[in-house]
Amino acid sequence: MITRDNNISRGRYFTVFGVMIVFFLLLVFRFYTLQIYQHKKYVSQADANRVREVSHPGPRGLLLDRMGNLLVDNRFTYMLSAIPWEIKRSPETLDELSTFVDMSRDELQMQLSEG
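1. Concerning the layout of surface pockets
In step 1: In this structure, the largest pocket encloses a volume near 1400 Å³.
In step 2: Surrounding the largest pocket, 29 residues form its lining, R52, V54, M79, L80 and S81 being those nearest its centre.
In step 3: Sorting the residues of the lining of the largest pocket by element identifies α2 (39–50), α3 (84–89) and α4 (91–101) as the ones contributing at least two each.
In step 4: Take the lining of the largest pocket: its biggest share by element is four residues, from α4.
In step 5: A breakdown of the residues in the lining of the largest pocket according to their chemical character gives 14 nonpolar, eight polar and seven charged.
In step 6: In this structure, the second largest pocket encloses a volume near 240 Å³.
In step 7: Contributing to the lining of the second largest pocket are 12 residues, with L80, A82, L108, Q111 and L112 lying nearest its centre.
In step 8: Elements that contribute at least two residues to the lining of the second largest pocket include exactly α3, α4 and α5 (105–114).
In step 9: Among the elements that take part in the lining of the second largest pocket, α5 stands out by supplying three residues, more than any other.

Right, dumping it as structure tokens:
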């Protein structure tokens, strides 16, 4: 009769199983530290990541035709972007925005509700 000789010993089985349990527990511990223990740190980093200041190079000069008449002038342009659900969550932000854009609070609220 043919017999198998590649039986794994119980000690080796428990060793491999124990190492797997240790790695699993390390993984659970790391998830806990990232999701629960360091939650505030990563929330503040995510909030800081959303605000971005974009600067563009200065004006290139005036464009004139061959007679010296002004064709194109440089003007400063400002663009304001807002996330509606962020403003709805914080009503005092709408008051601060109304002072910057020379619009009433109601006009801003109507603009945000339109899209």
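On we go from here.
2. Some remarks on the pattern of salt bridges
In step 1: Inspection of every chain in the model, using the stated rule, returns one salt bridge.
In step 2: Across the pair D95 and R105 runs a salt bridge whose closest N-O atoms are separated by 2.6 Å. With D95 in helix α4 and R105 in helix α5, this residue pair connects regions lying 10 residues apart in the sequence.
In step 3: Residue class for R105 comes out partly exposed when judged on its relative accessible area of 30%.

3. Things to note about a nonpolar patch on the surface
In step 1: A cluster of nonpolar residues, Y13, F14, F17, I21, F24, L25 and V28, forms a patch on the protein surface that exposes about 710 Å² of accessible area.
In step 2: Residue placement: F17 occurs in helix α1 (residues 10–37).
In step 3: On the basis of relative accessible area, F17 is assigned to the partly exposed category, the value being 42%.

4. Overview of the environment of F76
In step 1: Its location among the elements puts F76 in the loop between β2 (70–72) and α3.
In step 2: For F76 and L26, which are 50 residues apart along the polypeptide, the C-alpha to C-alpha distance reads 55 Å.

5. Description of the packing of aromatic side chains
In step 1: For the structure on display, the rule yields two aromatic pairs.
In step 2: Geometrically, the ring pair formed by Y13 and F14 is edge-to-face, given 5.5 Å between the ring centres and 65 degrees between the ring planes.
In step 3: For F14, a relative accessible area of 48% translates into the label partly exposed.
In step 4: Taking 6.4 Å as the distance between ring centres and 10 degrees as the angle between the ring planes, the aromatic pair formed by Y13 and F17 counts as stacked. Of this pair, Y13 and F17 both sit in helix α1, separated by four residues, roughly a single helical turn.
In step 5: Among the aromatic side chains, those forming a connected cluster through ring pairs are Y13, F14 and F17.

What counts, and at which threshold
- Residues numbered from 1 in each chain as written.
- Predicted model: local features only at pLDDT ≥ 70, side-chain atom pairs only at ≥ 80, totals over all residues.
- Heavy atoms only, no water.
- 1 Å grid on protein atoms, 1.4 Å probe; cavity = no way out; pocket = protein on both sides within 12 Å on 5 of 7 lines; lining within 4 Å.
- Points joined across faces, edges and corners; volume = space filled by probe spheres on them.
- Helix = DSSP H or I, 4+ residues; strand = E, 2+ residues; numbered from the N terminus.
- Nonpolar A, V, L, I, M, F, W, Y, C, P; charged D, E, K, R; others polar.
- Salt bridge = Lys/Arg side-chain N within 4 Å of Asp/Glu carboxyl O.
- Buried < 20%, exposed > 50% of the residue type's maximum accessible area, 1.4 Å probe, protein only.
- Patch = residues over 30% accessible without salt bridge, like charges linked within 9 Å, V, L, I, M, F, W, Y side chains within 5 Å.
- Areas by Shrake-Rupley, 256 points an atom, 1.4 Å probe, with all protein chains shown as cover.
- Phe/Tyr/Trp six-rings, centres within 6.5 Å; stacked < 30°, edge-to-face > 60°.

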